[in-house]
Amino acid sequence: MADESMQITIGHLYPDLLNLYGDRGNTIALAKRCEWRGIDARVVDLGAGQDVDFEDIDLFFIGGGQDFDQRTLLADLGVGVTGSKATRLQQAIERDVPVLAICGGYQILGEYYVDHEGHESAYIGALPMYTEAGDTRLIGNIVFEADAIEGAPTVVGFENHAGRTHLREGAQALGTVVKGYGNNGDDGTEGLRYRNVIATYSHGPLLPKNPCVADTLIELALQRRYPGAKLQPLDDALEEAAHDTMERRLIS
Ligand code: GLN
């Protein structure tokens, strides 16, 4: 069982630029769910101009943003540059470091993004997918079956994106849309699972109302540093009540 002797570091990428609809609440939820178990969780901001040794990061989070913000951070990201944040993040993903990526942050991990003004940006290319903006925005509450997370939980969230994400052949969707748009409003997929990356369009913030997703990420991070570590369950009555209220409201 995970205990007081354990410590993880959460790297929050671009908290200054990518933080729509309370996405920062995801790092707060991760840190709190560790604290409630006596696990020492530290959150390190990795905004533009801020950097650390990515080998010290046990879990990355990247939130959503406007198209302009996503273009703004490209210089700091350094796509295709040896030793850049982009290159080191892709290397971390290949080392199975867990990542939670929301909306714009999800898009940035893909191959490229053509935004609503037609600007094409090459992105990190860590995930087998690409995104192209449509003429309308896909906005609303979302419910999906997260088939690619252990236990296949039903996840509730909120989405607002012009981007339509298309998965490459063989890529594993994070889940199947029950209500809402998902990756592109067309093929019924939502998000993407690649190694220990959980990528989704779901804002909210996502994790407070979906505690099983939070614990999946925490356990993946712990187990890389402490093999075999298992999380003790928490009393999630409040979190589950919030989740179930939204699910009932959206599905009924
Ligand atoms: N700017 C991107 C889009 O419009 C992402 C939006 C977001 O992060 N909510 O698709």
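The structure under discussion appears in the preceding block.
Residues numbered from 1 in each chain as written. Predicted model: local features only at pLDDT ≥ 70, side-chain atom pairs only at ≥ 80, totals over all residues. Heavy atoms only, no water.

S.K.: Outline the pattern of salt bridges, supporting the account with residue identities and numerical values.
M.R.: Side chains that differ in sign of charge can pair as their charged atoms come close. Applying the stated criterion across every chain yields a total of 15 salt bridges. We note a salt bridge from Arg33 to Asp236, for which the minimum N-O separation is 2.8 Å. With Arg33 in helix α1 (residues 25-35) and Asp236 in the loop between α6 (211-225) and α7 (237-251), this residue pair connects regions lying 203 residues apart in the sequence. Here the two residues Arg33 and Asp236 agree in accessibility, since each one is buried. Residue Arg95 pairs with Glu55 through a salt bridge whose shortest N-O separation is 3.6 Å. Linking Arg95 in the loop between α4 (85-94) and β4 (99-102) with Glu55 in the loop between β2 (40-46) and β3 (59-62), this pair joins segments that are 40 residues apart in sequence. (Salt bridge = Lys/Arg side-chain N within 4 Å of Asp/Glu carboxyl O. Helix = DSSP H or I, 4+ residues; strand = E, 2+ residues; numbered from the N terminus. Buried < 20%, exposed > 50% of the residue type's maximum accessible area, 1.4 Å probe, protein only.)

S.K.: Give me α7: which residues, what numbers.
M.R.: Spanning 15 residues, α7 covers 20 Å between terminal C-alpha atoms, matching the ideal 21 Å at 1.5 Å per step. The set of residues buried in α7 consists of Glu239, His243, Met246 and Leu250. Taken end-on, α7 shows its buried residues confined to a sector of 65 degrees, consistent with a single buried face. Facing away from the buried surface of α7 by more than 90 degrees, the exposed residues are Ala237, Leu238, Arg248 and Arg249. Those residues of α7 that are buried lie in contact with α1, β7 (129-145), β8 (154-167), β9 (175-179) and α6. (Expected span 1.5 Å × (residues − 1). Arc of directions from axis to C-beta. Contact = heavy atoms within 4.5 Å.)

S.K.: Mind laying out the sheet that holds strand β11 (residues 192-194), listing which residues take part and the relevant values?
M.R.: With mixed pairing, 6 strands are arranged side by side in an open sheet as β2-β1-β3-β4-β12-β11. Each edge of the sheet is formed by a strand with only one pairing partner; in this case those strands are β2 and β11. On average, adjacent strands in this sheet sit at an angle of 15 degrees to one another, irrespective of strand direction. The sheet strands contacting α1 are β1 (7-13), β2, β3 and β4, and the helix crosses β1 at an angle near 175 degrees. Docked against the sheet, α6 engages β1, β3, β4, β11 and β12 (197-200), running at close to 120 degrees with respect to β1. (Pairing = 2+ DSSP bridges. Axes fitted to C-alpha atoms, helices over the stretch in contact; angles between N-to-C directions.)

S.K.: I'd love a proper account of the side chain of Thr216, names of residues and values included.
M.R.: Of note, Thr216 is situated in helix α6. Judged by relative accessible area, Thr216 falls into the buried class, the value being 18%. Those residues within four positions of Thr216 in sequence are excluded, and the remaining contacts are Ile149 and Ile198.

S.K.: How would you explain the site of the ligand if you had to name every residue and give the values?
M.R.: The immediate surroundings of the ligand are formed by 16 residues, with Asp67, Gln70, Cys103, Gly163 and His203 found nearest. At 3.0 Å from an oxygen atom of the ligand is found a side-chain nitrogen or oxygen belonging to Gln107. Contact between the ligand and Gly163: an oxygen atom at 2.8 Å from a main-chain N or O atom of the residue. Elements that contribute at least two residues to the shell around the ligand include exactly α2 (67-72), α5 (104-108) and β8. Examining the composition of the shell around the ligand, we find that 4 residues originate from one element, β8, more than from any other. (Near = heavy atom within 4 Å. Polar contact = N/O pair within 3.5 Å; in protein donor to acceptor, adjacent residues only side chain to side chain.)

S.K.: Can you break down the nonpolar core residue by residue, with the values?
M.R.: Buried together is how nonpolar side chains tend to be arranged in soluble globular proteins. In this structure, Phe60, Leu109 and Leu207 are the most contacted members of the largest nonpolar core, which totals 61 residues. Top contributing element to this core by residue count: α6, with 6 residues. (Core = buried A, V, L, I, M, F, W, Y, C linked by side-chain atoms within 4.5 Å.)

S.K.: Can you lay out unusual backbone geometry for me, pointing to particular residues and giving the numbers?
M.R.: Cis geometry marks the peptide bond from Gly204 to Pro205; its omega dihedral reads 0 degrees. For Pro205, the location among the structural elements is in the loop between β12 and α6. The backbone of Tyr21 shows a phi angle near 50 degrees, a positive value even though the residue is not glycine. Positionally, Tyr21 belongs in the loop between β1 and α1. Looking at Tyr21, the relative accessible area reads 37%, which means it is partly exposed. Residues other than glycine seldom take positive phi values, yet Arg195 does so here, at roughly 50 degrees.

S.K.: Residues and numbers for the environment of Asn26, please.
M.R.: With respect to the secondary-structure elements, Asn26 resides in helix α1. For Asn26, a relative accessible area of 0% translates into the label buried. Separated by 103 residues in sequence, Asn26 and Met129 have C-alpha atoms that sit 24 Å apart.

This is a description of form; function is not addressed.
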